Amino acid sequence: MTSMSRARVARRIAAGAAYGGGGIGLAGAAAVGLLLAEVRMARRLVGNGTTPHVPQAEGRYGHVYATPDEPALRLVMLGDSTAAGQGVHRAAQTPGALLASGLAAVAERPVEFRNVALPGARSDDLDRQVALVLSDQGRVPDICVIMIGANDVTHRMPATRSVRHLSTAVRRLRTAGAEVVVGTCPDLGTIEPVQQPLRWLARRASRQLAAAQTIGVVEQGGRTVSLGDLLGPEFAANPRELFGPDNYHPSAEGYATAAMAVLPTVCAALGLWPAEEERPDVSRHEGFLPVARAAAEAASEAGTEVAAAVPSTGPRGPWALLKRRRRRRVPVTEPAPVTPSP
């Protein structure tokens, strides 16, 4: 499928989400029977998150940066088992802890981290998660990171419905005053025991959803980072290192790889990234594109960020800025023992 074709599919899904449509499938109705048969076979080989325990990582990070006159930044993770950190055994290995400690190092401020992500969650659970996040209007987060979509694909949630729930969540968080970064649907075609034709169908469905998610998120004022391709060739090349014991969730190294891709966008959303890197770099094929084209390109390339252009609309509709941020090393040390939030 060409980039233009992917853009058209993503635009159609996003439009269906915005205007109440629900009939657009992720992988096509003709493939559903075959897909379900392959899924049942794959589930016998893959742990698929049957043990929902995740380490407790909530609390304050970056104690060394505390000053009496500057409050801590507030970071919240929402989404599914990947956002929660399922598959590792130590709090310091979860994506939330990695992002909190990295953000504290860049901002040189403490970070209060909260995690409301739920293993097994689909996009329709975001309504509940956002309500939890916004229950205390006096403690609205500075930044929310959402990772969602894999369970939508495996449970055949219509893409339009999936994107509608995500878009609504982003709009509610942005209206409350929080910045939002979404790690889009990962590439499920990389799960090691999954064979063809499920592998091809899963990859196609994952990328379709990731592109449509990007359109919905950007139109509500959020930013996205493509996790699909990031967790594709790297996971395929190093499955023993980047997948955990259940062959489904990332390992500690896998979560670190994903966190390092998301961290620059988190910092940029908070105005903490170097100003020179906010300008498009033509040598890295960055620039302004119609949002659907930017979404389709991002779904196919690791760590690609998409954000609304300024101004965000032109004669041909909404535009977005596509960035391929360098995955620079941030001075992140092993997080200190977590101080639970009150």
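Quick note: structure is the one above.
Described below are features of the structure shown in this document. One numbering rule holds for all chains: residues counted from 1, following each sequence as written. Restriction of local features to residues with pLDDT of at least 70 applies here, the model being predicted, together with a cutoff of 80 or more for giving and counting side-chain atom pairs; totals for whole chains, interfaces and linings are based on all residues. Hydrogens and water are ignored here; the side-chain numbers use all heavy atoms of the structure.

## Section: the nonpolar core
- Residues grouped as a nonpolar core are buried Ala, Val, Leu, Ile, Met, Phe, Trp, Tyr and Cys residues, joined through side-chain atoms within 4.5 Å. Residue exposure (1.4 Å probe, protein chains only): buried if accessible area is under 20% of the type maximum, exposed if over 50%, otherwise partly exposed. If you look at the biggest cluster of nonpolar residues, it comprises 31 residues, and the most contacted ones within it are L75, L99, L103, V145 and V262.
- Of all the elements, helix α11 (residues 252-269) adds the most residues to this core, at eight residues.
- Residues within four places of V145 in sequence aside, it is in contact with L75, V76, M77, L78, L99, V181, V262 and V266. In this text, helices come from DSSP runs of H or I with a minimum length of four residues, and strands from runs of E with a minimum of two, each type numbered from the N-terminal end. Contacts between residues were defined by any pair of non-hydrogen atoms, one from each residue, lying within 4.5 Å.

## Here's the deal with empty space enclosed by the protein
- Using a 1 Å grid laid over the protein atoms alone, points where a 1.4 Å probe fits but cannot get out form a cavity; open sets with protein on both sides within 12 Å along at least 5 of 7 lines form a pocket; any residue with an atom within 4 Å of a point counts as lining. Grid points are joined across faces, edges and corners, and a volume is the space filled by probe spheres set on the points. Scanning the entire structure with this criterion turns up one cavity of 30 Å³ or more.
- Taken as a whole, the largest cavity spans an internal volume of roughly 40 Å³.
- What lines the largest cavity is simply D80, T82, M147, I148, A150, G183, T184, P186 and L227.
- Residue type decides the class: Asp, Glu, Lys and Arg count as charged, Ala, Val, Leu, Ile, Met, Phe, Trp, Tyr, Cys and Pro as nonpolar, and the leftover types, Gly among them, as polar. Considering only residue class, the lining of the largest cavity consists of five nonpolar, three polar and one charged.

## Some words on the environment of E70
- Relative to the helices and strands, E70 resides in the loop between β1 (59-61) and β2 (73-79).
- Taking the C-alpha atoms as reference points, E70 and P110, 40 residues apart in sequence, are found 9.1 Å from one another.

## Describing the environment of L99
- In this fold, L99 is placed in helix α4 (residues 95-107).
- You can call L99 buried: its relative accessible area is 3%.
- With 164 residues separating them in the primary sequence, L99 and L263 have C-alpha atoms 6.2 Å apart.
- Not counting residues up to four positions away in its chain, the partners in contact with L99 are L75, M77, V145, A259, V262 and L263.

## Examining helix α12 (residues 291-298)
- Among the eight residues of α12, six are classified as buried, and the element is accordingly described as predominantly covered.
- Taken together, the buried positions of α12 are occupied by V291, A292, A294, A295, A296 and A298.

## Quick look at the packing of aromatic side chains
- Each pair of aromatic rings taken from Phe, Tyr and Trp, with Trp reduced to its six-membered ring, is defined by centres within 6.5 Å and is described as stacked if the planes are under 30 degrees apart, edge-to-face if over 60, and tilted in the remaining cases. Tallying each qualifying case throughout the model produces one aromatic pair.
- On the numbers, 6.4 Å between centres and 70° between planes, the contact of Y61 with F113 is edge-to-face. Remark: F113 occurs in strand β3 (residues 111-115) and Y61 occurs in strand β1; sequence separation between them is 52 residues.
- Owing to a relative accessible area of 2%, F113 belongs among the buried residues under this scheme.

## Some details on the pattern of salt bridges
- A pair is scored as a salt bridge if a Lys or Arg side-chain nitrogen falls within 4 Å of a carboxyl oxygen belonging to Asp or Glu. All told, the structure shown has 12 salt bridges when counted by the stated rule.
- Note that R60 is salt-bridged to E112, the shortest N-O span being 2.7 Å. Placement of the pair is R60 in strand β1 and E112 in strand β3, with a sequence separation of 52 residues.
- A salt bridge links E286 to R284; its shortest N-O distance comes to 3.1 Å. For the pair E286 and R284, one class covers both residues: buried.
- By sharing partners, the salt bridges in this structure join D281, R284, E286 and K323 into a single network.

## A look at the packing of helix α5 (residues 126-133) against helix α7 (residues 159-176)
- Fitted lines through C-alpha atoms serve as axes, helices being fitted only where they are in contact, and the angles separating the N-to-C directions of these axes extend from 0 to 180 degrees. Viewed as axis vectors pointing N to C, α5 and α7 meet at an angle of 10°, and their least axial separation amounts to 9 Å. With respect to α7, the axis of α5 lies roughly parallel. Along its contact with α5, which presents L126, D127, V130, A131 and V133, the element α7 presents H165, L166, A169, R172 and L173. Should an angle fall under 35 degrees it is called roughly parallel, over 145 degrees roughly antiparallel, and 65 to 115 degrees roughly perpendicular, with every other angle called oblique.

## Some details on the pairing of β3
- Strand pairing follows a simple DSSP-based rule, namely that at least 2 bridges must link the two strands. The sheet contact formed by β1 and β3 spans three bridges and is antiparallel. Of the residues in β3, the one forming a bridge with R60 is E112.
- In the sheet, β2 pairs with β3 via five bridges, with the strands oriented parallel. Paired with L73 across the strands is V111, a residue of β3.

## Thoughts on α4
- Taking 1.5 Å per residue as the helical rise, α4 with its 13 residues ought to reach 18 Å, and the 18 Å between its terminal C-alpha atoms agrees with that figure.
- Across the 13 residues that make up α4, a large majority, 11, are buried.
- As for α4, its buried residues are in contact with β1, β2, α3 (81-84), β3, β4 (143-147) and α11. To estimate how far a helix should reach, multiply one less than its number of residues by 1.5 Å.

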